[in-house]
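What the coordinates show
This is what each chain is made of:
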Amino acid sequence: AQSVTQLDSQVPVFEEAPVELRCNYSSSVSVYLFWYVQYPNQGLQLLLKYLSGSTLVKGINGFEAEFNKSQTSFHLRKPSVHISDTAEYFCAVSGSGTYKYIFGTGTRLKVLA
Amino acid sequence: EAGVAQSPRYKIIEKRQSVAFWCNPISGHATLYWYQQILGQGPKLLIQFQNNGVVDDSQLPKDRFSAERLKGVDSTLKIQPAKLEDSAVYLCASSLVSGEGYTFGSGTRLTVV
């Protein structure tokens, strides 16, 4: 079975500052990892995914994440945030070869002017 | 391509009433998922279909929830009778290849009073 931990429920950051949203997972099998963004009153949008290959994954809107197998982490980063990045961010894991996503509890990113 | 369509967007019902949600996945996507997202939590999988067959419904409260996917395309999720704790956003998602990234609909926000 897999599990996901997002330690930070809220992250405030000033506009144009860098940000890192943390995600740790546990799994007894190899995994697929995902980050989704949810804007108010909308569904979830895929930011990026790690399936295999390079551990540094680039996604949409300037976000990237690095898969670290030894630390079982998949932290999301952006070098310079904008007001429009204010949203809820969810990390998700699925065991490769399975279909079910396990989502974290989410991190609310609030970008301040 | 058109996204995942869901209706209605909002629904308010009294406890013990019944309610149904509809989802039309992206054309050609064989796998369809229903997730429940309670306020402040990550989405939780209720049921997964592959074409019109159920792959996983282990977390579906079968005493009150039911879902079907006729002809392997549209799907409906029903709750009967509803309880106060069913208040949540119900998200439908579909994928071309299971486990490698979903596309979510905008969701249906259910309020049970």
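Here's the deal with the layout of surface pockets
In this structure, the largest pocket spans a volume of roughly 470 Å³. Looking at the lining of the largest pocket, the elements that each hand over two or more residues are strand S10 (87-95) of chain A together with strand S9 (88-95) and strand S11 (108-112) of chain B. Ranked by residue count, the leading element in the lining of the largest pocket is S11(B), at four residues. Its residues assigned to classes, the lining of the largest pocket comprises ten nonpolar, eleven polar and four charged. Counted as a void, the second largest pocket has a volume near 180 Å³. Along the wall of the second largest pocket there are 13 residues; nearest its centre are A:Tyr25, A:Val29, A:Ser30, A:Val31 and A:Lys69. Every element with two or more residues in the lining of the second largest pocket is listed here: strand S4 (24-26) and strand S5 (31-38) of chain A. Class assignment of the residues belonging to the lining of the second largest pocket gives a composition of seven nonpolar, five polar and one charged.

Quick notes on the packing of aromatic side chains
All chains considered together, the criterion is met by 20 aromatic pairs over all chains. Between A:Tyr101 and B:Tyr102, the aromatic rings sit 3.7 Å apart at their centres with planes inclined by 10°, giving stacked as the arrangement. In this pair, A:Tyr101 is assigned in the loop between S10 and strand S11 (102-103) and B:Tyr102 in the loop between S9 and strand S10 (103-104), connecting two distinct chains. Taken as a pair, A:Tyr101 and B:Tyr102 share a single burial class, namely buried. Put simply, the rings of A:Phe34, A:Tyr36, A:Phe90, A:Tyr101, A:Phe103, B:Tyr33, B:Tyr35, B:Tyr102 and B:Phe104 touch in pairs and so form one group of aromatic residues.

Structural notes on the confidence of the model for chain A
Per-residue confidence for chain A gives a mean pLDDT of 92, with 97% of residues at or over 70. Looking at the elements of chain A, mean pLDDT is at its lowest for S11(A), recorded as 91, and at its highest for strand S3 (residues 19-21) of chain A, recorded as 98.

Definitions and cut-offs
- Residues numbered from 1 in each chain as written.
- Chains lettered and ligands numbered in written order.
- Predicted model: local features only at pLDDT ≥ 70, side-chain atom pairs only at ≥ 80, totals over all residues.
- Heavy atoms only, no water.
- 1 Å grid on protein atoms, 1.4 Å probe; cavity = no way out; pocket = protein on both sides within 12 Å on 5 of 7 lines; lining within 4 Å.
- Points joined across faces, edges and corners; volume = space filled by probe spheres on them.
- Helix = DSSP H or I, 4+ residues; strand = E, 2+ residues; numbered from the N terminus.
- Nonpolar A, V, L, I, M, F, W, Y, C, P; charged D, E, K, R; others polar.
- Phe/Tyr/Trp six-rings, centres within 6.5 Å; stacked < 30°, edge-to-face > 60°.
- Buried < 20%, exposed > 50% of the residue type's maximum accessible area, 1.4 Å probe, protein only.
- pLDDT = per-residue confidence, 0-100.

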